[in-house]
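# Residue-level structure breakdown
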Amino acid sequence: MTLHTVLLMSGTAVKVLQLFAALSLLIALHEGGHFFFARLFKTRVEKFYLFFDFLFPFSNLLNFTFFKKKVGDTEYGIGWFPLGGYVKIAGMIDESMDKEQMALPPQPWEYRSKKPWQRLFIMLGGIIVNVIVAILIYIAVFSIYGEEYLLPQNARFGIAVDSLGRSIGLQDGDMIRSVDNKPVDRFEHIPMAMVYSHNQRGTIEITRDGKDTTLNILPGTVRKMLKMEKGGFITPALPAVIDSVAPNSIAEKLGIKIGDSIVAMNGQPVRFHNEVKEIILANYNKQIPITIKRDNAEIIIAAVIPKDSTLGVEFRNYHKLLHFEKVRYNPIQAIGKGFVFTFEQFGSYIGQFKLMFSSPEIKASESMGGIISFGKIFPSEFDMQQFLMLTAFISIILAFMNLLPIPGLDGGYVIFLLFEMITGKQVSEKVMERATTIGLVLLLTLMVYANGLDIFRLFKH
């Protein structure tokens, strides 16, 4: 087993642990929201489970728990099937499909005996908690860490692009001024501005070698952008200035020093360190000349690129070469920022969700994903700030997905309750049972489809 394989495995393990921790916390809190409002309105909760103790959605299949303990009227437990959780509320048609209880006369402590507005709060409880959790996490993050971002004009060396960027006419060193003639407030917002631009047929305004020009966003560009699993197709360009040299590395043996700049490799001029990486990858196990600039003098050395394609150097990073805007928030400001940012993220996610149905560039089969896709958004090295920000964003996703008007999800129950509140007529239990059954089958189908896409992509790569 190579060191690369060990590091890859450890990175995957870090992603898995972060995903498990985030989902466990958010599922427990979501179900806790239902539990809170049920108990607030004196409704009996028979079960409170983190994960399912059955093979969802088949409530009588493979019943197994890792832990369970009854306290009062409620059995608390941890199930074996990790894709969700549930609370079983007395007198309610849910994923447990307990028809025997529903055949008995309503009792005062049951869900079906409560007023419509009380049942509405019970059903919205999980969504409410998910939104509150996102707000609280963002408040904490902005209060502790503040905010840091790069203005597009502060990317003073321009952009570094990959093959996708080059395919639409972008080049290393270009300065992006606007998208669709609208300035972009932050560098990291440029890709999403392109996604939303004129139904993905917009323009990018750039400055190249001191001259302004306009590029068209070509058909298929946005689709390719959204299929990228990591990184961006544009990043701030940085000169190839050496920041550190690893002991006993090829670079150290060749006499490369901190502060040196690589200005040419294999006869090709080099301006940015992404170009260094591309040349190295194209010439592994070959001897190539490298031109180093040191104290205004150029030194030419010859190096054999090893099979692992590393020289043993690190280049100066963004924070050492670019000016980032830094904003600090006092507790009151952090509260305001937390609320605003939560609803900005909510709106952004809704916008992205709509694109699956409205954009000719986007296919559901390429945009949807299951548990593996969720895991990939976490970094392979743990960072508390990133973990908290991603956990808050997943909480927003869970709130939105549960709000969808699909029977079996909170939003499906909410639709029936709103109908009852508007018309004064309660939906029959038989209709509720059939709708819930259809909804659960639909959810199972979507779950199998989304996770099947993840597995297909793994084998495809």
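Scroll up to find the structure.
Anyway, here's the lowdown on the structure attached to this text. From a predicted model like this one, the values you see are computed outputs, not experimental measurements. Sequence order as written defines the numbering, with residues in each chain counted from 1. Only residues with pLDDT of 70 or above have their local features reported here, since the model is predicted, and side-chain atom pairs are shown and tallied only from 80 upward, although totals for entire chains, interfaces and linings are computed over all residues. With hydrogens and water stripped out, all remaining heavy atoms of the structure feed into the side-chain values.

### Brief notes about the sheet that holds strand β1 (residues 45-52)
Which entries qualify depends on this criterion: Two strands pair if DSSP finds at least two bridges between them. Put simply, DSSP H or I for four residues or longer makes a helix, DSSP E for two residues or longer makes a strand, and each gets a number counted from the N terminus. Between N-to-C directions, angles span 0 to 180 degrees; the directions come from axes that are lines fitted to C-alpha atoms, helices contributing only their stretch in contact.
Pairing within the open sheet is mixed, and its four strands lie in the order β2-β3-β1-β4. Sheet topology places β2 (65-71) and β4 (81-89) at the edges, where each strand pairs with a single neighbour. Taken pair by pair, the neighbouring strands of this sheet meet at an average axis angle of 10 degrees, ignoring direction.

### Structural notes on the nonpolar core
The following threshold applies: In plain words, nonpolar cores are sets of buried Ala, Val, Leu, Ile, Met, Phe, Trp, Tyr and Cys residues tied together by side-chain atoms within 4.5 Å. A simple rule labels every residue: compare its accessible area, found with a 1.4 Å probe on the protein chains alone, to the largest value its type can have, and call it buried under 20%, exposed over 50%, or partly exposed in between. Any two residues whose heavy atoms approach within 4.5 Å at even a single point are treated as in contact.
Counting 48 residues, the largest nonpolar core has F56, Y138 and F378 as its most contacted members. Mapped onto this core, the elements with two or more residues apiece are α1 (3-40), β1, β4, α3 (116-144), α10 (331-358), α13 (384-403) and α15 (429-460). The greatest single-element share of this core, amounting to eleven residues, is contributed by α3. The residues contacting Y138, other than those within four sequence positions of it, are G338, F341, T342, Q345, M389, A392, F393 and I396. By size, the runner-up hydrophobic cluster in this structure holds 27 residues, among which are I159, V179, I204 and I217.

### Thoughts on the packing of α3 against α10
Here is the rule: Should an angle fall under 35 degrees it is called roughly parallel, over 145 degrees roughly antiparallel, and 65 to 115 degrees roughly perpendicular, with every other angle called oblique. Handedness of a crossing follows from how the near helix is turned relative to the far one, being left-handed for an anticlockwise turn of less than a right angle and right-handed for a clockwise one. Gly counts as polar in this scheme, as do all residues outside two lists: the nonpolar Ala, Val, Leu, Ile, Met, Phe, Trp, Tyr, Cys and Pro, and the charged Asp, Glu, Lys and Arg.
Axis separation between α3 and α10 bottoms out at 8 Å; the angle between their running directions is 130 degrees. The angle between α3 and α10 places the two elements in the oblique class. The chirality of how α3 crosses α10 is right-handed. Residues V131, A134, I135, Y138, I139, F142 and S143 of α3 lie in contact with α10, whose contacting residues are A334, I335, K337, G338, F339, F341, T342, F343, Q345 and F346. Considered class by class, the residues forming the contact of α3 with α10 number twelve nonpolar, four polar and one charged.

### Focus: the packing of aromatic side chains
The geometry of an aromatic ring pair is captured by two quantities: the separation of the ring centres and the angle between the planes. Going by this rule: We call Phe, Tyr and Trp rings a pair once their centres come within 6.5 Å, taking the six-membered ring for Trp, and we label the pair stacked below 30 degrees between planes, edge-to-face above 60, and tilted otherwise. Charge-over-ring contacts are defined here by two conditions on Lys NZ or Arg CZ: a distance within 6 Å of the ring centre and an angle within 35 degrees of the ring normal.
In total, this model carries 25 aromatic pairs according to the counting rule given. Seen in terms of ring centroids, Y349 and F400 are 5.5 Å apart; in terms of plane orientation they differ by 80 degrees. Their pairing is edge-to-face. On the criterion of sequence distance, the pair formed by Y349 in helix α10 and F400 in helix α13 is long-range, its members being 51 residues apart. Comparing Y349 with F400 shows no difference in burial state: the two are buried. Taken together through their ring pairs, the aromatic side chains of Y49, F52, F54, W80, F81 and Y86 make up a single cluster. In this arrangement the basic side chain of R44 is found over the ring face of W109, its NZ or CZ atom lying 4.2 Å from the centre. Seen from the ring of F142, K337 lies directly overhead, with NZ or CZ sitting 5.5 Å from the centre.

### Regarding the environment of A251
Take A251: it is sitting in helix α7 (residues 250-253). Look at A251 and you get buried, because its relative accessible area is 0%. Linking A251 and A303, residues 52 residues apart in sequence, is a C-alpha distance of 8.5 Å. Each residue touching A251, except ones within four places of it in the same chain, is listed here: V245, I256, L311, G312 and V313.

### Quick notes on the sheet that holds strand β15 (residues 297-304)
Spatially, the four strands line up as an open sheet ordered β13-β12-β14-β15, and their pairing is antiparallel. Each edge of the sheet is formed by a strand with only one pairing partner; in this case those strands are β13 (268-269) and β15. Relative to β13, strand β12 (residues 261-265) runs antiparallel, the two sharing two bridges. Across the sheet, the residue bridging to M265 is Q268, located in β13. Its contacts with the sheet put helix α8 (residues 273-282) on β12, β13 and β14 (287-294), and the angle it makes with β12 is roughly 45 degrees.

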